[in-house]
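Notes for the structure review
Next come the chains, spelled out residue by residue.
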Amino acid sequence: MKSPRNTVKRKMSPGPCLLHTVPNMLRLPGTLGGCERASSNQNIRHRMRGDQVLWVPGSDHAGIATQAVVEKQLWKERGVRRHELSREDFLREVWKWKEEKGGEICEQLRVLGASLDWDRECFTMDAGSSVAVTEAFVRLYKAGLLYRSRQLVNWSCALRSAISDIEVESRPLPGCTELRLPDSPTPVSFGLLFSVAFPVDGEPDAEVVVGTTRPETLPGDVAVAVHPDDSRYMHLHGRQLHHPLTGQLLPLITDCAVQPHLGTGAVKVTPAHSPADAELGARHGLSPLSVIAEDGTMTSLCGDWLQGLHRFVAREKILSALRERGLFRGFQDHPMVLPICSRSGDVVEYLPKSQWFVRCREMGDRAAKAVESGALELSPSFHQKNWQHWFSHTGDWCVSRQLWWGHQIPAYLVVEEHTQGDTKDCWVVGRTEAEAREVAAELTGRPGAELTLERDPDVLDTWFSSALFPFSALGWPQETPDLAHFYPLSLLETGSDLLLFWVGRMVMLGTQLTGQLPFSKVLLHSMVRDRQGRKMSKSLGNVLDPRDIISGVELQVLQEKLRDGNLDPAELVIAASAQRNDFPHGIPECGTDALRFALCSHGALGGDLHLSVSEVLSFRHFCNKIWNALRFILNALGEKFIPQPAEELSPASPMDAWILSCLARTARDCERGFLTCELALVTHALHHFWLHNLCDVYLEAVKPVLLHLPHPPGPLQVLFSCADVGLRLLAPLMPFLAEELWQRLPPRPGGAPAPSICVAPYPSARSLEHWHQPELERHFSRVQEAVQALRALRATYQLTKARPRVLLQSSEPADQGLFEAFLEPLGTLGHCGAVGLLPPAAAAPSGWAQAPLSDTVQVYMELQGLVDPQTHLPRLAARRHKLQKQLDGLIARTPSEGEAETQRQQRLSSLQLELSKLDKAASHIRHLMDVSPSPGEL
């Protein structure tokens, strides 16, 4: 139950292409973009290329998150705690919730147009996955890579379970910070360093002062440590100190791990509640004292005065006792990083627990070498450093979770038996209880029927089953045809936040259990955040359900969704307020294709993706533009139009050649973007072609040509090719719009048409290369500059309806020929009348507006008879006054803090240029009353 950002693909040409997704059944979170940007789009493209494509939908069970949601729901609706139900009854409630709510992710994927093989949908708690999990556990145990041991683990007192590193949020605190924590009656202050004195035994006035951020762990202190070279304490080496609470004697030990420049240079040692202290204690043979219980209360080892108290209530009682005894030396602000359970919001404790661990050193070394050797490629490559560092420092992986929802560990305690020659509990592992009983009988030398076995009540970390997904989804441990055909895979796509916790573990377990890397390349995409750059969170009210963006939703409905959720009352108030600010009028209907295109338009690699509804809405307008373009094209083609084969199409005019060249270049850019997984390049190329090349230029230029009856065949064939090829290029990103419009195009002659655009041939750059004319495109860019100049002149002189004559003059003969080929479309696109060429040596026509295109090219526009000086001069003066006022205000205003000076200078230059144009226009208009020679007389 992670996100649909996680996709795995295998590409064989010709042959299969496999894509996996492992979403979280709880929700479609902020990494939604990964799946839709790459997996679905590549899926469609590969199918269009004739590849066999298989995309397996799947979800994991998100043990901690799902159990927490169901527990909240039970308390909210029925006032029942989990432990008031039997394990079986609680699991029935979870399965019931899964059937009601767990299907939302699949519904979201369907609405998003994800082209999956729904018949193969799998879930990590399904029977097949459960078999794979049990088999993996047994094999790892037999290989000596899985063992049971008592070690410190990340512990959530609110959940009463061990949690993985990824579920620990490292929250930096600048100093004293109050936090409200689960089950704590009052806010608790963190970011403080408390100083406590430990009296030196035998010296009444001597003491060692230590600093601690966790005074509640003082009852668990077993020593005080200093650096051996710290001169302040050399005279105390080997001495003993009195515990400030109990008076018991504690050794003062020396260890090079102590940093003498921090605090007083002396630290208390609490091996049972600090990983660093546990290592230090092990080096010095110190026995740990566990003083915090699973539920976050103090244990009996603390004494009657503290036993049973919440640990943060006990903190205040301990500080009061220290003050009474004269051993409290004050406190001060202390920047620190506080470990917080991301699932419950509670402070993470480090508790010693007997758990099952996976040995990671050997498997981790193989994973690190796979990247180092190039057998496994990470993209972007900067992730390689993080990968190598993690595997060189990672410890063993605790896979036990004290939950009921998940895969129960296939390990059994042999009651009242111990391993031979040891006092440790006797544990056996088996695929079934019968198999475990056989192992126990062999181990103890007693008949299996006489033994009492108790199965470990804990479940496995969800990441354990997720790590098996690339091969368990294909039928492993059975030797299935799918496994033989599709495994190993070639590409995994996922969010960069899962590189180590999911990808790394897939590589470790996949290599160990199958003998092969599960994939050869990993593409790590960015995280989707809101428009303010915040992580999407229900408590912030900024989580966007893709269905709401697609179909639109009123604010009232959004607020009802929040109230129906499991947010605490305080969180609900914050989330509802944020939602009202972000979506005061609800969310407008944007459509699936617009959402897909918006997600794809951001770079998949590097920084986070900031998604806004307004951006998606802009792409809905783009969809409307495509729809209207196809309506125009279909109307022009008529019912009797017969398309030519693409290879026979030859452009009849420079404009036809230009648009076909743009189309060929777009196909090349799309191909390059898909091959490099840079979908932003694909979206940019398609957006530019459809909007700026086809709609804004070619369709406008060809409209006068199509007024002639019968229509000339050349432009019609070009229009059809642009629509056909353009829609097929668009299909992977906008499948619904492309399908609807492509089905309306007349079929090409010969051969049966493809039943759907998703299996129609995807255009290849090579097949269209004969249309590509880069030099022609460069020439036409000069024509477009002239068009912009003409439109600017029309706007300056406010020629709304008039179609003035235009002359172009160049001192370069090559430019003359360049413009001559495009005179008619130049007039059409510039909304002008006849366009002609003025000889290089001819004088400029008097009274005509002038605009330079370059040092060698001038544009002239006729004004005589088209502009009324009495009307236009006051308008220009009013416009000038408005701009001058803006300019004066900008010059006088003191730049605001953070304002970029370059932006301010650009605005100044823009206003000054506009004023210069207005002055020039006014000068021209004042001379319009004079008789000017006509161009024919020049």
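Right, let's walk through the structure included here.

About the thresholds
- Residues numbered from 1 in each chain as written.
- Predicted model: local features only at pLDDT ≥ 70, side-chain atom pairs only at ≥ 80, totals over all residues.
- Heavy atoms only, no water.
- Helix = DSSP H or I, 4+ residues; strand = E, 2+ residues; numbered from the N terminus.
- Buried < 20%, exposed > 50% of the residue type's maximum accessible area, 1.4 Å probe, protein only.
- Contact = heavy atoms within 4.5 Å.
- Areas by Shrake-Rupley, 256 points an atom, 1.4 Å probe, with all protein chains shown as cover.
- Pairing = 2+ DSSP bridges.
- Axes fitted to C-alpha atoms, helices over the stretch in contact; angles between N-to-C directions.
- Polar contact = N/O pair within 3.5 Å; in protein donor to acceptor, adjacent residues only side chain to side chain.
- Parallel < 35°, antiparallel > 145°, perpendicular 65-115°, else oblique.
- Left-handed = near helix turned anticlockwise from the far one by under 90°.
- Nonpolar A, V, L, I, M, F, W, Y, C, P; charged D, E, K, R; others polar.
- Phe/Tyr/Trp six-rings, centres within 6.5 Å; stacked < 30°, edge-to-face > 60°.
- Lys NZ or Arg CZ within 6 Å of the ring centre and 35° of its normal.
- 1 Å grid on protein atoms, 1.4 Å probe; cavity = no way out; pocket = protein on both sides within 12 Å on 5 of 7 lines; lining within 4 Å.
- Points joined across faces, edges and corners; volume = space filled by probe spheres on them.
- Expected span 1.5 Å × (residues − 1).

1. A word on the overall build of the chain
- For the chain, the helix and strand inventory stands at 28 helices and 33 strands.
- Projected onto the principal axes, the alpha-carbon positions of the chain cover approximately 120 × 70 × 55 Å.
- In the chain, buried positions account for 53% of the 938 residues.
- Long-range contacts, defined as pairs at least 24 residues apart, comprise 75% of the intrachain contacts of the chain with a sequence gap of at least 6.
- As displayed, the chain has an accessible area near 41500 Å², and 51% of this comes from carbon and sulfur atoms.

2. Overview of the sheet that holds strand E33 (residues 857-861)
- Spatial strand order, E31-E30-E33-E32: 4 strands in an open sheet with mixed pairing. The strands lining the two open edges of the sheet, one partner per strand, are strand E31 (835-838) and strand E32 (849-852). Strand-to-strand twist in this sheet, taken as the mean axis angle between neighbours without regard to direction, amounts to 25°.
- Pairing of strand E30 (residues 806-810) with E33 involves 5 bridges; the strand directions are antiparallel.

3. Let's talk about the side chain of Asp346
- Position of Asp346 relative to the elements: it lies in the loop between strand E17 (336-341) and strand E18 (349-358).
- A distance of 3.2 Å separates the side chain of Asp346 from the side chain of Arg311, its partner in a polar contact.
- Sequence-distant contacts of Asp346, that is, excluding residues within four places in its chain, are made with Cys157, Ala158, Leu181, Pro182, Arg311, Pro339, Ile340 and Cys341.

4. A short note on the packing of helix H16 (residues 555-564) against helix H17 (residues 569-582)
- Interhelical geometry of H16 versus H17 gives an angle of 160° and a closest axis separation of 10 Å. Of the possible angle classes, the one that applies to H16 and H17 is roughly antiparallel. Of the two possible hands of crossing, H16 and H17 adopt the one that is right-handed. Together, Leu555, Leu558, Gln559, Leu562 and Arg563 of H16 and Leu572, Ala575, Ala576, Gln579 and Arg580 of H17 make up the contact between the two elements.
- When the residues that make up the contact of H16 with H17 are grouped by side-chain class, the tally is 6 nonpolar, 2 polar and 2 charged.

5. Concerning the sheet that holds E18
- Here we have 4 strands laid out as an open sheet, ordered E6-E5-E18-E20, and antiparallel in their pairing. The sheet is open, and its two edges are formed by strand E6 (161-162) and strand E20 (397-398), each paired on a single side.
- With 10 bridges joining them, strand E5 (residues 146-156) and E18 adopt antiparallel strand pairing. Its bridge partner being in E18, Ser149 is matched across the sheet by Gln355.

6. Observations concerning the packing of aromatic side chains
- Applying the stated criterion across every chain yields a total of 24 aromatic pairs.
- Ring centres of Trp397 and Phe464 lie 6.0 Å apart, and the angle between their planes is 45°; on these two criteria the pair is classed as tilted. Here Phe464 lies in helix H11 (residues 462-467) and Trp397 lies in strand E20, a separation of 67 residues in the sequence.
- When its relative accessible area of 0% is taken as the criterion, Phe464 is described as buried.
- Taken together, the ring pairs in this structure connect Phe137, Tyr141, Trp356, Trp397, Trp427 and Phe464 into an aromatic cluster.
- In this structure, Arg148 packs its charged tip against the face of Trp427, placed 4.1 Å from the ring centre.
- Here the basic side chain of Lys703 rests over the ring of Phe632, its NZ or CZ set 5.6 Å away from the ring centre.

7. Notes on the layout of surface pockets
- Empty space within the second largest pocket amounts to approximately 1200 Å³.
- Gly211, Thr213, Val267, Ser274 and Asp277 are, among the 36 residues lining the second largest pocket, the residues nearest its centre.
- Listed by contribution, the elements that provide at least two residues to the lining of the second largest pocket are strand E11 (207-212), strand E15 (266-269), helix H6 (275-283), E17 and E18.
- Here the lining of the second largest pocket takes 6 residues from H6, the largest share from any one element.
- When grouped by side-chain class, the residues that make up the lining of the second largest pocket number 17 nonpolar, 13 polar and 6 charged.

8. Brief notes about unusual backbone geometry
- In this chain, Trp476 is followed by Pro477 through a cis amide linkage whose omega measures 15°.
- Tracing the backbone shows Pro477 in the loop between helix H12 (469-472) and helix H13 (481-486).
- The step from Tyr487 to Pro488 runs through a cis peptide bond, and the omega angle for that step is 0°.
- Assignment of secondary structure puts Pro488 in the loop between H13 and strand E26 (491-495).
- With a phi close to 55°, Arg160 is a non-glycine residue in the positive phi region.
- Among the structural elements, Arg160 can be located in the loop between E5 and E6.
- Taking the relative accessible area as the measure of exposure, Arg160 reaches 41% and is therefore partly exposed.

9. Points about helix H27 (residues 869-892)
- In a regular helix each residue adds 1.5 Å, so 24 residues correspond to 34 Å; H27 covers 34 Å between its end C-alpha atoms and thus fits that length.
- Pro869, His872, Leu876, Leu883, Leu887 and Leu890 are the residues of H27 that are buried.
- Close packing links the buried residues of H27 with helix H24 (774-796) and helix H28 (901-926).

10. Remarks on the environment of His407
- By the element assignment, His407 lies in the loop between strand E21 (400-401) and strand E22 (411-418).
- Among the residues examined, His407 registers a relative accessible area of 7% and is labelled buried.
- Non-local contacts of His407, meaning those with residues more than four positions away in its chain, are made with His61, Thr124, Met125, Ser129, Ser130, Val133, Asp458, Val459, Leu460 and Ser465.
- Among the polar contacts made by the side chain of His407, one reaches the main-chain carbonyl oxygen of Thr124 at a distance of 2.6 Å.

11. Some details on the packing of helix H18 (residues 592-600) against helix H19 (residues 613-637)
- One can describe the packing of H18 onto H19 by two numbers: an axis separation of 8 Å at closest approach and a directional angle of 120°. The angle between H18 and H19 places the two elements in the oblique class. When the axes of H18 and H19 are compared, the crossing they make is right-handed. Touching Asp593, Ala594, Leu595, Phe597 and Ala598 of H18 are Glu615, Val616, Phe619, Arg620, Phe622 and Cys623, all from H19.
- By residue class, the composition of the contact of H18 with H19 is 8 nonpolar, no polar and 3 charged.

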